[in-house]
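So you can see what is in the structure, the chains are spelled out below.
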Amino acid sequence: MKAAKVVFVLGGPGSGKGTQCALIVEHFGFTHLSAGDLLRAEIKSGSQNGAMIQSMIKEGKIVPSEVTVKLLQKAMLSSDNDKFLIDGFPRNEENRSAFELITGIRPEFILFFECSEKEMEKRVLGRNEGRIDDNIETIKKRFKVFIDSGLPVLKHYDSLGKLRKINGDRMKEEVFESVRPLFTAFAKKD
Ligand SMILES: Nc1ncnc2c1ncn2[C@@H]1O[C@H](COP(=O)(O)OP(=O)(O)OP(=O)(O)O)[C@@H](O)[C@H]1O
Ligand SMILES: Nc1ccn([C@H]2C[C@H](O)[C@@H](COP(=O)(O)O)O2)c(=O)n1
Ligand SMILES: [Mg+2]
């Protein structure tokens, strides 16, 4: 597992993480692992953690790291790929330290989509995927959790010189043109 190359993809709810990950997969052959998607699949699977995960997501809270890191680790181990985009993780310092401790992996860099709350709110409310957290009450809570718990993680990686900030407040094609050079450089280094 230590040979795996990981890029963490962060940003507020609706900042475009999943959308940009799909484009990176298409152009650069990474495997996309969304922590939120893995947690939602765990609810659907009827796991004994399902009810707890569902209630945390509904409240916009962060699921205990042990649960999420195990799901990510399992997905990485069952993949043939060695390049992963881990989307929506780490969401807090506990997520970050648990991942490093359990997997021994340090990320190559962190892709961070900066986007205004007004734009993120509009996108999430228009997403229409039936998510239990895409409603105005939960969105407000998710914004607060992002500021309170997510920003310290970004500060940490900034202090290590690993943070790559992208203006996510543009059309998705324009955003991707800012993302592309980061992965072109990464592919050359590989
Ligand atoms: N640049 C963009 N401009 C306009 N709409 C966008 C853009 N990027 C994504 N969207 C749309 O906004 C919604 C949210 O995007 P996406 O699911 O990629 O965000 P996310 O950061 O993964 O959100 P979450 O953290 O809630 O999972 C989707 O409906 C998507 O199609
Ligand atoms: N590291 C994570 C990632 C996600 N969750 C929970 C809480 C989030 O609000 C929800 C949805 O995530 P998204 O799809 O928006 O990335 O999933 C978590 O607890 N820990
Ligand atoms: Mg997403």
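These numbers were taken from a predicted model, which means no experiment stands behind them. (Residues numbered from 1 in each chain as written. Chains lettered and ligands numbered in written order. Predicted model: local features only at pLDDT ≥ 70, side-chain atom pairs only at ≥ 80, totals over all residues. Heavy atoms only, no water.)

Turning to the site of ligand 1, a few remarks are in order. In the neighbourhood of ligand 1, 15 residues make up the surrounding shell, with Lys17, Thr19, Arg127, Arg142 and Arg170 lying closest. The separation between an oxygen atom of ligand 1 and a polar main-chain atom of glycine 14 is 3.0 Å. Within the side chain of arginine 127, one N or O atom sits 2.8 Å away from an oxygen atom of ligand 1. Considering ligand 1 on its own, with 630 Å² of exposed area, one finds that the protein chains cover 76% of that surface. Of the residues forming the shell around ligand 1, the biggest block, three residues, is contributed by helix α1 (residues 17-28). Grouping the amino acids of the shell around ligand 1 by side-chain chemistry returns two nonpolar, six polar and seven charged. (Near = heavy atom within 4 Å. Polar contact = N/O pair within 3.5 Å; in protein donor to acceptor, adjacent residues only side chain to side chain. Areas by Shrake-Rupley, 256 points an atom, 1.4 Å probe, with all protein chains shown as cover. Helix = DSSP H or I, 4+ residues; strand = E, 2+ residues; numbered from the N terminus. Nonpolar A, V, L, I, M, F, W, Y, C, P; charged D, E, K, R; others polar.)

In this section: the nonpolar core. Judged by nonpolar contacts, the single largest core of 23 residues is most densely connected at Phe8, Met76, Ile86, Phe89 and Phe99. Listed by contribution, the elements that provide at least two residues to this core are β1 (5-11), α4 (65-77), β3 (83-87), α5 (93-103), β4 (109-114) and α7 (136-159). Counting 17 residues, the second-largest nonpolar core is a separate cluster that includes Ile24, Phe28, Phe30 and Val179. (Core = buried A, V, L, I, M, F, W, Y, C linked by side-chain atoms within 4.5 Å. Buried < 20%, exposed > 50% of the residue type's maximum accessible area, 1.4 Å probe, protein only.)

Quick look at the sheet that holds β3 now. The five strands lie next to each other as β2-β3-β1-β4-β5, forming an open sheet whose pairing is parallel. The outermost strands of the open sheet, each flanked by one partner alone, are β2 (31-34) and β5 (163-167). Along the sheet, successive strands turn relative to each other by an average axial angle of 25°, direction set aside. Summarising the sheet, β4 and β5 pair through five bridges and their orientation is parallel. The residue bridging phenylalanine 113 from the neighbouring strand is isoleucine 166, located in β5. Against the sheet, α1 touches β1, β2, β3 and β4, its axis set at about 170° to β3. (Pairing = 2+ DSSP bridges. Axes fitted to C-alpha atoms, helices over the stretch in contact; angles between N-to-C directions. Contact = heavy atoms within 4.5 Å.)

So, on to the UniProt feature "binding site: a ribonucleoside 5'-phosphate" (unreviewed entry) in the chain. Using the residue numbers shown here, the UniProt feature "binding site: a ribonucleoside 5'-phosphate" (unreviewed entry) corresponds to Arg40, Lys61, Ile62, Val63, Gly88, Phe89, Pro90, Arg91, Arg131 and Arg142. Along the chain, isoleucine 62 falls in the loop between α3 (50-58) and α4. With sequence-adjacent residues up to four places away left out, isoleucine 62 is seen in contact with Met56, Arg91, Asn92, Asn95 and Val145. Residue placement: arginine 91 occurs in the loop between β3 and α5. If sequence neighbours within four positions are ignored, arginine 91 has contacts with Ile62, Ser149, Gly150 and Val153. Separated by 2.8 Å, the side chain of arginine 91 and the backbone oxygen of glycine 88 make a polar contact. (UniProt positions renumbered as here; feature names shortened; annotations may be inferred.)

Attention now goes to the side chain of glutamate 42. Looking at where glutamate 42 falls in the secondary structure, it is placed in helix α2 (residues 35-44). Salt bridges are absent for the buried glutamate 42, whose nearest opposite-charge side chain, lysine 74, sits at 5.9 Å. When neighbours within four sequence positions are excluded, glutamate 42 is seen to be in contact with Ser47, Gly50, Ile53 and Leu71. (Lys, Arg positive; Asp, Glu negative; His and termini not counted. Salt bridge = Lys/Arg side-chain N within 4 Å of Asp/Glu carboxyl O.)

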